[in-house]
Amino acid sequence: MRIEKILQRFAAVAVASAVWTFGTAAQHLGAQSKTKTVPVCCGPKKQSASSKKALERFAARVEALLGTAPTNKGEWGLLIVDAESGETLYEQNADKYFVPASNMKLFTTALALAKLGPEYRFHTTLETRGTISTGGVLGGDLALVGRGDPNLSNRKFPYEWKEEFDGPPEKALGELADALVAKGVKEISGDVIGDDSYFPRERYPNGWEIDDMVWEYGAAISAIVVDDNTVALTLTPGEQASNPVQGTVTPATPDFTVVNDVVTSAADVKPDLTLTREPGANIVVVKGSLPAKSAPRKLVLAIEEPAQHAAATLKRLLEERGVKVAGVARARHDHAELDGDPAVIAEHVSVPLGDAVKLINKISQNLHTEMLLRTVARQSGVWATPDELMKVPADFYAAAGIAPGDVIQADASGLSRHDLVTPRAIVTLLSFAQKQSWFGFYYASLPVAGVDGTLEDRMKNTLAAGQIHAKTGSVEHVRTLSGFAQTPGGRRVIFSFLSNNEGGKGHEAADALTGLCVAMLEEFIVTPPKRGLEHQHPR
């Protein structure tokens, strides 16, 4: 598959400022969903005359936006409610199933904040069952024991306006190596082990595609996550046509070997790259050409064996610090055969969960979301099957008022094409979340239109800029957006816009989502009644 196509498929879509015109000949997109028993967040309310007029105007704009090709060929589910009263302002197919894409992260991050708390921290340790001699020899193996920390990397926290980094990507492991050296260890007689047995081994959830597994957004799941379980392949073209293109992988990994068949082309020729890695193979083949004197191309590739990669990286870091390692780097996926309690030699403590959640939702980080679900599940023990894992959130969804069956979940992040949710399930979740003690962290994690995260380049120069706090979602043929909107009149509304089976180039559905947001802010502008103290929401 061509790299440009892969990168474009899942990149955030930049939405240009647009002037929205609304005709009267648009085709109606089908009847609204049938009424059923609904939670208190979004039940039927008696509407005032002004509310009815706002609904009529908004409905006309919906028809204009979604009733023309190519958006009319897809399926749309829409639900908008008043955040204060729970009044349903508009709905269309609100009880139908849709693939949510990364809107699934709204469920998982809420679950983690509710069950673990915003101050929860992950602990990653260096452990041994051996002893350290007076001469600095560690007799036995050294194990890097992961417990789901998604940020063993060089990221800077807290996340402010964008993702920032400091130091090498393996910085967290380097600090653990420094701590070991500070304990006087000069030699290790055994192996260096990457122990990811804290989670049962299941690298890829149901519904992830083969293409996903090659790239950073589809990195393998493990209780050890070093720099998002990725490495960077940098391709640097030569000064003249026919010069070889230099390829380097950083940090070095035993996970695969690169076969580099890329050549330098003339300066005026467009780049043409193809990368292939068969599932389970240890060979990555990259072919094509890059223009002479052009900037290097950086391809972020996923690691298939994170524990093995982490062990090899730690071994290298120790050797760079003068520690001799007699054994090999290897992985351990099953802890059951070990006897006795190990000694903890060094420990890395993560940032608070509230900071980790903000990063996840702002940049839509798939692997990190998978860590959260498994960490929540691990508090009650070890699950035996993926189906058992996916039952873990059921009680939480019920407590949030989500109707049984409104969430069919195959993963935590929304990368799975087997996930199904209704717009009503999302709105119910968000209505529940705004009443919880952890809501401030949750709300702050959502991208802001025209400002940051995956909405940074969308809705600029529109009424929606700065007023939409929402989670984006994007896989092929799917574009979704759900969250909170603040109207100019001070009214807060909760919305879920889900689009499936879109056959356009991607920007058409994203443009329609922008149009829906603008229309929502312009039509449902009525100032709500004064809030009671118990209903105040973080701004």
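Undergrad: So what about the overall build of the chain? Which residues, and what values?
TA: Of regular secondary structure, the chain possesses 12 helices and 22 strands. Expressed as a percentage of its 539 residues, the buried residues of the chain come to 54%. Considering only contacts within the chain whose residues lie at least 6 apart along the sequence, 74% involve residues at least 24 apart. With the model as given, the accessible surface of the chain reaches about 22300 Å², and the carbon-plus-sulfur share is 52%.

Undergrad: Quick rundown of the nonpolar core? Include the residues and the values.
TA: Ranked by size, the top nonpolar core spans 81 residues in total, and within it Phe107, Leu235, Leu275 and Tyr442 carry the most contacts. Broken down by element, the residue count for this core peaks at eight residues, all from helix H3 (residues 104–116). Those residues in contact with phenylalanine 107, other than ones at most four positions away along the chain, are Phe396, Tyr397, Ile402, Val407, Val421, Ala425, Ile426 and Leu429. Judged by nonpolar contacts, the second largest core, of 30 residues, contains Leu66, Phe495, Leu513 and Phe524.

Undergrad: With reference to specific residues and values, describe the packing of H3 against helix H10 (residues 423–433).
TA: Where H3 contacts H10, the two axes come as close as 10 Å, and the packing angle between them is 30°. Considering the angle they form, H3 stands roughly parallel to H10. Crossing of H3 against H10: the hand is left-handed. Contact residues: Leu106, Phe107 and Ala110 in H3; Ala425, Ile426, Leu429 and Leu430 in H10. Partitioning the contact of H3 with H10 into residue classes produces seven nonpolar, no polar and no charged.

Undergrad: Describe the packing of helix H6 (residues 353–363) against helix H7 (residues 366–378), listing the residues and the values that go with them.
TA: Their axes nearest at 9 Å, the elements H6 and H7 cross at an angle of 140°. Between H6 and H7, the crossing angle belongs to the class labelled oblique. Classified by chirality, the crossing of H7 by H6 is left-handed. Across the interface between the two elements, Leu353, Val357, Leu359 and Ile360 from H6 touch His368, Thr369 and Leu372 from H7. Split into classes, the residues belonging to the contact of H6 with H7 amount to five nonpolar, two polar and no charged.

Undergrad: Got a sec to walk through the sheet that holds strand E4 (residues 131–132)? Specific residues and values, please.
TA: Ordered in space as E4-E5-E7-E15, the four strands form an open sheet in which the pairing is mixed. On the outer flanks of this sheet lie E4 and strand E15 (324–325), each paired with one strand and no other. Pairing analysis gives two bridges linking strand E5 (residues 137–139) to strand E7 (residues 187–188), with the strands arranged parallel. Residue pairing for E7: valine 137 is matched across the bridge by glutamate 187.

Undergrad: Describe the sheet that holds strand E6 (residues 142–145), listing the residues and the values that go with them.
TA: Spatial strand order, E16-E8-E6-E3-E17: five strands in an open sheet with mixed pairing. Among the strands making up the open sheet, the edge pair consists of strand E16 (329–332) and strand E17 (343–349). On average, each strand axis in the sheet is tilted by 20° relative to the strand beside it, whichever way the strands run. As defined by bridge partners, strand E3 (residues 123–128) adjoins E17 across six bridges and the pair is classed as antiparallel. Directly across from threonine 128, in E17, lies its bridge partner alanine 343. Seen against the sheet, helix H4 (residues 171–182) touches E3, E6 and E17 and runs at an angle of roughly 145° to E17. The sheet contacts of helix H5 (residues 306–320) involve E3, E6, strand E8 (192–195) and E16, and relative to E16 the element is tilted by about 145°.

Undergrad: Any details on the pairing of strand E20 (residues 468–475)? Residues and values, ideally.
TA: E20 sits mainly inside the fold: eight of its eight residues count as buried. Here E20 shows a buried face lined by Ile468, Ala470, Thr472 and Ser474 and a second buried face lined by His469, Lys471, Gly473 and Val475. In the sheet, E20 pairs with strand E21 (residues 478–486) via eight bridges, with the strands oriented antiparallel. Each bridged residue has a counterpart across the sheet, and for valine 475 the counterpart in E21 is valine 478. A loop of two residues connects E20 with E21, the two strands running antiparallel in sequence, and histidine 477 in this loop sits at a positive phi of about 70°.

The rules behind each value
Residues numbered from 1 in each chain as written. Predicted model: local features only at pLDDT ≥ 70, side-chain atom pairs only at ≥ 80, totals over all residues. Heavy atoms only, no water. Helix = DSSP H or I, 4+ residues; strand = E, 2+ residues; numbered from the N terminus. Buried < 20%, exposed > 50% of the residue type's maximum accessible area, 1.4 Å probe, protein only. Contact = heavy atoms within 4.5 Å. Areas by Shrake-Rupley, 256 points an atom, 1.4 Å probe, with all protein chains shown as cover. Core = buried A, V, L, I, M, F, W, Y, C linked by side-chain atoms within 4.5 Å. Axes fitted to C-alpha atoms, helices over the stretch in contact; angles between N-to-C directions. Parallel < 35°, antiparallel > 145°, perpendicular 65-115°, else oblique. Left-handed = near helix turned anticlockwise from the far one by under 90°. Nonpolar A, V, L, I, M, F, W, Y, C, P; charged D, E, K, R; others polar. Pairing = 2+ DSSP bridges.

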